[in-house]
Amino acid sequence: MSERKIRVLVGKPGLDGHDRGAKVVARALRDAGMEVIYTGIRQTPEQIASTAMQEDVDCVGLSILSGAHNHLFPRIRELLDAHGMDDVLLFGGGIVPDEDIPFLKEKGVDEIFTPGATMEDIVAYVRETVAERRESA
């Protein structure tokens, strides 16, 4: 019996309507053999957390360009934890200033990928981190 594919939800929280980067990441993860659920643009943290729970995902990847990451990303972590999904990997990317990354990690965001991150880096991070979490479960 083969191991279950990694299930990833890619979300665009907030009012940001630019989703090219999210779609590129979603495609790279799908091409790497993962099951990807893309929520579309303008999702609330509640919608993203609810979809993550319904889809039984291993991780949630968030894309943001609007500057609201310090509010939206921790809120999604809070909602995932409230739904008993504290083991779900939460990562983000987009326009996130370097000085905001420590705050986000302190609030439970596992990793932030800034402009210039390669698709290979993102795929490897998701694959390795999910494998580690499955082993320790």
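Given the structure is predicted, the values throughout are model-derived calculations rather than measurements.

### Remarks on the nonpolar core
- Formed by 22 residues in total, the largest nonpolar core has its most connected members in V57, V60, F73 and L80.
- Looking at this core, the elements that each hand over two or more residues are helix 2 (45–55), strand 3 (59–64), helix 3 (69–82) and helix 4 (101–106).
- For this core, the leading source of residues is helix 3, giving five residues.

### Points about the environment of D31
- Examined against the element boundaries, D31 turns out to sit in helix 1 (residues 20–31).
- Among the residues examined, D31 registers a relative accessible area of 57% and is labelled exposed.
- Along the backbone, D31 and V123 are 92 residues apart, and their C-alpha atoms lie at a distance of 9.6 Å.

### A look at the pattern of salt bridges
- On inspection of all chains with the given rule, the structure shows 13 salt bridges.
- The partner of E46 in a salt bridge is R75, with the nearest N and O atoms 3.1 Å apart. Of this pair, E46 sits in helix 2 while R75 sits in helix 3; the two residues are 29 residues apart in sequence, bridging distant segments of the chain.
- Connected through salt bridges with shared partners, the residues R77, D81, D110 and R133 form a single ionic network.

### Quick look at the environment of T118
- For T118, the location among the structural elements is in the loop between strand 5 (111–113) and helix 5 (119–136).
- Reaching out from T118, the side chain makes a polar contact with the backbone nitrogen of D121 at a distance of 2.9 Å.

### Describing the side chain of R7
- Note that R7 resides in strand 1 (residues 7–11).
- One polar contact links R7 to E35, side chain to side chain, over a distance of 2.4 Å.
- Beyond its immediate stretch of four places on either side in the chain, R7 contacts E35, I37, E55, D56, V57, D58 and C59.

The rules behind each value
Residues numbered from 1 in each chain as written. Predicted model: local features only at pLDDT ≥ 70, side-chain atom pairs only at ≥ 80, totals over all residues. Heavy atoms only, no water. Core = buried A, V, L, I, M, F, W, Y, C linked by side-chain atoms within 4.5 Å. Buried < 20%, exposed > 50% of the residue type's maximum accessible area, 1.4 Å probe, protein only. Helix = DSSP H or I, 4+ residues; strand = E, 2+ residues; numbered from the N terminus. Salt bridge = Lys/Arg side-chain N within 4 Å of Asp/Glu carboxyl O. Polar contact = N/O pair within 3.5 Å; in protein donor to acceptor, adjacent residues only side chain to side chain. Contact = heavy atoms within 4.5 Å.

These figures come from the coordinates and say nothing about function on their own.
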